[in-house]
Each structure stands twice: as structure tokens, then as C-alpha cells.
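Each chain is listed here by its residues.
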Amino acid sequence: MTKPAYKRVLLKLSGEALMGDDAFGINRATIDRMVADVAEVAELGVELAVVIGGGNIFRGVAPGAQGMDRATADYMGMLATVMNALALADAMRHAGITARVMSAISIEQVVEPYVRPKALQYLEEGKVVVFAAGTGNPFFTTDTAAALRGSEISAEIVLKATKVDGVYTADPKKDPSATRYDKISFDEAISKHLQVMDATAFALCRDQKLPIKVFSIVKPGALKRVVMGEDEGTLVHV
Ligand SMILES: Nc1ncnc2c1ncn2[C@@H]1O[C@H](COP(=O)(O)OP(=O)(O)O)[C@@H](O)[C@H]1O
Ligand SMILES: O=c1ccn([C@@H]2O[C@H](COP(=O)(O)OP(=O)(O)O)[C@@H](O)[C@H]2O)c(=O)[nH]1
């Protein structure tokens, strides 16, 4: 049997992807399908940490936040990621995966705080760690949290599971003539202002020499193919 290409990965799951075809919130069937994908990879013995987004519940820059103080709106966005993390960990438990949620903002009755050595210990024990509350700071995104936590746990790669199947020459939702890259360098992605991830996340990964793979969350089996090192999505490299 061929071995996975990575021993430890950081998976970024978009909050919006949890909505499925709903307008907002958490779609049960969608979350269960994602967890099944995660279980498949965990069974391969790959150590898996997850950063979950919050865009399905609240986004600091959304119209609903208009007129609000940006930092306050961002804290609401971070709290939304905590709700998603709890839902995700619960769904994982149902699927037989042992998961631990760690939050960058302390809400001690609800989740344990993020403590790096503890997170590393959980990973070594084969538990899936779900990082909640992003970086814990306003003006950042959960993509940047993925770059940060990925660096902290010495993940070999950040896997960004999103609605598109890779990085395109332009936003494929707006420009149907956009074409997909097989791979692209961080410098090119940043200089071309490709919006699939924010520049802060790209720059942090570039500086830490932490590659990113962007792939589709809706394509069945894509996560496993990525972890097995098969041709899937777009690699963003140094
Ligand atoms: N050059 C590009 N290549 C791919 N996707 C892009 C690009 N520019 C913008 N996008 C958009 O970025 C989205 C993914 O980024 P983001 O909004 O951060 O989603 P997520 O909720 O997954 O974090 C895609 O759904 C796509 O519509
Ligand atoms: O470190 C962080 C991470 C997230 N957020 C806020 O939380 C929201 C939800 O996160 P994100 O948009 O990254 O989620 P996703 O796009 O993955 O659903 C963001 O819009 C921000 O308002 C933040 O302020 N700091």
C-alpha cells in the first residue's frame, strides 16, 4: 500500500463550506460528509489539525456588520468559529474520531484554551485538534490562523479546503474564462493579488516555507488524494 505523502497536516476548513447549499449556518449532511473525509485521512495515520472558519455564521466585513466597530465585529466572527469548532468536534465524535477543541480566546467553561505543547501532545496521541477563534486577534482571518498554527505545530503543509478546486488566474466565480494553476509561487500569488487567500496568510507561509494546497471541499475524496500526494488542486510553493 502506498504511504501518505505527509505525516502532519493543517487542514483549513472554510466556515462557508459548512453551510452546504443553505443560506447560512451549519448543514448537517455537509458537516458529516466533511468528517467522513477527515476520518479517512486520520485512519491513514496522518496527524491532523483543523482550523475552522466562521463565515457561515458571521464575517467581520459582512453587510450585517456595517456600521459596527471592526474589532467588535471581528470578535463576533471569532466566536462564530468556536461554534463551528464545537459542531465539528461533536460530528467527529459521532464518527469515532477523538477530537479536541482549543480556542485562541479563553471561554473556559466551553473550550480549553490553546496551549501549544498540549496541542502537540494531542497530535502525537493521534487525536484531531480543532483550533477555534482564529488567531485570537481582530483584523486577521482564519486563513492566517491556519498559516500560524500550521507553522507552530510544524505541519508539512496547509491544506485549504474551499469552494473552488484550486487557485485560478482570476476569481472563477466572477470570471468564467479564468484558468487553474497546477502550482504557483507565493510571490506570484501575492503580486497578482489572487484573492483565494489573504496576503497575510500567503506571506506567513512563504516566510516559514510552509506550502499550501488549495483544493475543493465539495469534490468527493479530494482530501485523501491530496494527502496521498496525488494530482489534485493547486500547490502554492516557495
Ligand atoms: N484567483 C482565485 N483563484 C481561486 N479562487 C479565487 C480567486 N480569487 C478569488 N477567489 C475566491 O476565493 C474563494 C475562497 O476564498 P475565501 O473567500 O477565503 O473562502 P473560504 O470561505 O474558503 O475561506 C473562492 O470561493 C473563490 O471564489
Ligand atoms: O484571527 C482571526 C480569525 C477570524 N476573525 C474573524 O472571524 C471571521 C470569520 O473567519 P473567516 O472569514 O476567516 O472564515 P471563513 O472564510 O473560513 O468562513 C472573520 O471574518 C473575522 O471577522 C478574526 O477577526 N481574527
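The paragraphs below set out a description of the structure included in this document. (Residues numbered from 1 in each chain as written. Chains lettered and ligands numbered in written order. Predicted model: local features only at pLDDT ≥ 70, side-chain atom pairs only at ≥ 80, totals over all residues. Heavy atoms only, no water.)

**Notes on the pattern of salt bridges**
Stage number 1. Taken as a whole, this structure holds 18 salt bridges when the rule is applied.
Stage number 2. With its nearest N and O atoms 2.9 Å apart, the salt bridge here joins Arg-206 to Asp-187. With Arg-206 in helix H6 (residues 199–207) and Asp-187 in helix H5 (residues 186–191), this residue pair connects regions lying 19 residues apart in the sequence.
Stage number 3. Since its relative accessible area comes to 28%, Arg-206 is described here as partly exposed.
Stage number 4. With relative accessibility at 47%, the residue Asp-187 sits in the partly exposed group.
Stage number 5. Residues participating in the shared-partner salt-bridge network are Lys-7, Arg-8 and Glu-47. (Salt bridge = Lys/Arg side-chain N within 4 Å of Asp/Glu carboxyl O. Helix = DSSP H or I, 4+ residues; strand = E, 2+ residues; numbered from the N terminus. Buried < 20%, exposed > 50% of the residue type's maximum accessible area, 1.4 Å probe, protein only.)

**Observations regarding the site of ligand 2**
Stage number 1. In the vicinity of ligand 2 there are 20 residues, among which Arg-59, Asp-74, Thr-135, Asn-137 and Thr-142 approach most closely.
Stage number 2. Within the backbone of Gly-60, one N or O atom sits 3.0 Å away from an oxygen atom of ligand 2.
Stage number 3. Contact between ligand 2 and Thr-142: an oxygen atom at 2.5 Å from a side-chain N or O atom of the residue.
Stage number 4. The greatest single-element share of the shell around ligand 2, amounting to three residues, is contributed by helix H2 (residues 70–94).
Stage number 5. For the shell around ligand 2, the class distribution of residues is four nonpolar, 12 polar and four charged. (Near = heavy atom within 4 Å. Polar contact = N/O pair within 3.5 Å; in protein donor to acceptor, adjacent residues only side chain to side chain. Nonpolar A, V, L, I, M, F, W, Y, C, P; charged D, E, K, R; others polar.)

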